[in-house]
Amino acid sequence: MTTQAQAQTVFQEAAVHNLEKATKKVRGRRPRPAGSRTSFTLFLCIVPFLILAFVFSYLPLYGWIYSLYDYKPALGLEGSEFVGLQWFQMLVSSPTQMAQISQVMMNTLAISFLGIATSVLPLFFAILLNEIKAPWFRNSVQTLTALPNFISWVLVYMIAFSLFSSSGLVNDVLNDAGLITAPIKFLDSDQNVWLTMTLWSIWKGLGWGAIIYLASIAGIDQSLYESARIDGAGRFQLMRYITIPQLMPTYLVLLLLSIANILNNGMEQYYVFQNAFNKEWIQVLDLYVYNIGMTGNSLSLATAVGMLKSLISVALLLTVNAVSKRVRGESIV
Amino acid sequence: MTTTMTKTLTTAKKGDTSARYRSSPGDIIFRLLNYALFFLFALICAYPFYYLIINSVSANDLSALGDVRLWPVGFHLSNYGQVFQLQGLPMATVVSIGRTVIGTALTVLASAFLGFMFTQTRMWGRKFWYRFLIITMYFSAGLIPVFIIMKTLGLTNNFWVYVLPFVVQPFNVILAKTYVESMPRELQEAAEVDGANILQVFFRVYLPNMTPILATIAIFSAVTQWNSFQDTLIYITDQSLYTLQYLLYVFINQASSLAQAAQNAGGDLGQIAGLATEQTPTSIRMTVSVLVVLPIMFVYPLFQRFFVKGIMLGAVKG
């Protein structure tokens, strides 16, 4: 509270200072009539940025028509054959395609569900870390555990590679200790791919994910704890009856958002970890679109799959938003 | 009884859920387990970084065998000099730094400006255009249509593909707008009475006072730019536009060409320096990794507290 007040004062002083500087410079000029700053002039100032947003977010939507063609980049859209809904039909009619897309959907949903199931971990991380009293230990833990969040997936893969490859540190140590005779294939194996991917996500995201809960805990009204303590509540009762309920709104918002994003796992993590051995189980929807579109050159099919994914995601988001409005009286988007 | 209770209450600080209890055995065990748990997790998070660093400065023949585990063995720094003789690495460093600096500057400026402009209630169609921007947060046309647009615009194999799509970021605009709304309205009115136009109001009065939120946006944007890998993968085939992240990925996956690169680079220097400092695929990977992660390790702890506040500030209203 005091720091906030201090910041406020500092900020106001700075503001006044800058205001004086600014007015000094323009003072002496003839004040313009108020009408010259029309509302349309203001709009013109932001037009360049609106154009950028339009080009990179709205214009690509036009590209959805590629899903109706047999698009060949060399021929252009005019030269490509119009095939109507053929790609969409193909997704469900051909058994091999159907089998492939089911596997991809299964991977996508499984990894997303594991992510959602482990989304309570940051909450418990924050609650337990809050029980640690030594400030130096708390701060070091917070800094060190949030660090992996700030590195790229490529570097995560580099770390995985140097620690878990057949000649990596972990296999070396296990071998030296006589626990194994042949190296364990942590990376080049189709075993437990969903689980290992989830574990890497946890390693990367847990410390950072806890920060929002730590901030919320700091914001909980202290009189709640005081009155509970007077009523004789112990450490665990305080956690259970005060901290957790107080964090629930934050948790629910994040949970709903992750449900809305259930098809969007992104592709970077899975792209860097994919190899010939784990490909079947690691290919999530985003990676699949990349693999068939960019390397397989089925641009139209990839567009069709990506389009369905986007539509379902937006529908999910709207649903989740409506549910949130009804249940909590608050919308999340 | 009463005295201990008042003592308990007065010692309770903000965020302190436990105050001081009589230490029951259960409490002590809980505390020990708690400390042990966090010690272990912090170790798991930190050791890989330490491992990369000690291996990049250890004797290369030992690091290739995985024999460097706890501290540097045969300390030398020649890897850092030699790795820059690898083909493409100096250029990749320039590209990575370039996109981070230019991209961050543009993002910060655009976010601040848009955040400020969207508080101007007089603006024509303000609510509509604000929604127009925010909506882009929630949908994407998909990889392929975006790729085709980039190609049509001539942005494939073009440095600007690293920068332009990142300039307008709805979330950053929300953060900046929320911040401007917390500033006193009178600032603008006073400046306008003195004849300042809208750009003067922004650049001379508002921008200098937005530092906390600008720093937050800057650090997030810089980390994203520095770490970005996917755009190189999708839009770039020209090797002179590779970023450090992409080059690292190439190095991890192409052991044979890397061994070749190591021999070429070590050819003149390596032989003089002897076996221990001759480049190996492992030493190259470790050294490039450290180069990639070092800027973040320096910047991040300095800013941590700062941007946690920043994100809370903007997220509250979202």
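Refer to the structure printed above.
Please read these numbers as outputs of a predicted model, since none were measured by experiment.

A. How the structure looks around the overall build of chain A. A count of helices and strands for chain A gives 16 helices and two strands. Long-range contacts, defined here as pairs at least 24 residues apart, represent 62% of the contacts in chain A between residues at least 6 apart.

B. Inspection of the packing of helix 2 (residues 39–62) of chain A against helix 7 (residues 143–152) of chain B at higher detail. At a closest axis distance of 9 Å, the pairing of helix 2 of chain A and helix 7 of chain B adopts a crossing angle of 120°. Seen from above, helix 2 of chain A lies across helix 7 of chain B with right-handed handedness. Residues A:Val55, A:Phe56, A:Leu59 and A:Pro60 of helix 2 of chain A touch helix 7 of chain B, and the partners they reach there are B:Pro145, B:Val146, B:Ile149 and B:Met150. For the contact of helix 2 of chain A with helix 7 of chain B, the per-class residue count stands at eight nonpolar, no polar and no charged.

C. Quick peek at the interface of chain A and chain B. Taken residue by residue, the interface counts 101 residues in chain A and 106 residues in chain B. A buried area of about 9,900 Å², summed over both sides, lies between chain A and chain B, and 74% of it is on carbon and sulfur atoms. Linking chain A with chain B are three salt bridges. Between B:Arg69 and A:Asp176 there is a salt bridge whose closest N-O contact spans 3.1 Å. With 18 residues, the top contributor of residues to the side of chain A that touches chain B is helix 2 of chain A. For the side of chain A that touches chain B, the class distribution of residues is 71 nonpolar, 17 polar and 13 charged.

D. Here's a closer look at the pattern of salt bridges. For the structure shown, the criterion picks out eight salt bridges over all chains. In this structure, the salt-bridge partner of B:Glu181 is B:Lys177, at a minimum N-O distance of 3.1 Å. With a gap of four residues between them, B:Glu181 and B:Lys177 both fall in helix 9 (residues 170–181), about one helical turn apart. Residue class for B:Glu181 comes out partly exposed when judged on its relative accessible area of 37%. One network of salt bridges, with partners in common, ties together A:Glu131, A:Arg235 and B:Asp27.

Conventions adopted
- Throughout, residues of each chain are indexed from 1 in the direction in which the sequence is written.
- The order in which chains are written sets their letters, starting at A; the order in which ligands are written sets their numbers, starting at 1.
- Restriction of local features to residues with pLDDT of at least 70 applies here, the model being predicted, together with a cutoff of 80 or more for giving and counting side-chain atom pairs; totals for whole chains, interfaces and linings are based on all residues.
- Side-chain measures here rest on the full set of heavy atoms in the structure, leaving out hydrogens and waters.
- We count a stretch as a helix when DSSP gives it H or I for four or more residues in a row; a strand needs E for two or more, and each element gets its number in order from the N terminus.
- Throughout, a contact is declared for two residues whenever any of their heavy atoms are within 4.5 Å.
- Axis lines are fitted to C-alpha atoms, over the contacting stretch for helices. Their N-to-C directions set the angle, which ranges from 0 to 180 degrees.
- In this scheme the handedness of a crossing depends on how the near helix is turned from the far one: anticlockwise by less than a right angle means left-handed, clockwise means right-handed.
- All amino acids are sorted into three groups, where Ala, Val, Leu, Ile, Met, Phe, Trp, Tyr, Cys and Pro are nonpolar, Asp, Glu, Lys and Arg are charged, and the leftover types, Gly among them, are polar.
- As a working definition, buried area equals the accessible area (1.4 Å probe) given up by two parts on being put together, with both sides summed.
- One speaks of a salt bridge when a side-chain nitrogen belonging to Lys or Arg is within 4 Å of a carboxyl oxygen belonging to Asp or Glu.
- The buried label applies to any residue whose accessible area, calculated with a 1.4 Å probe on protein chains only, is under 20% of its type's maximum; exposed applies above 50%, and partly exposed to all values in between.

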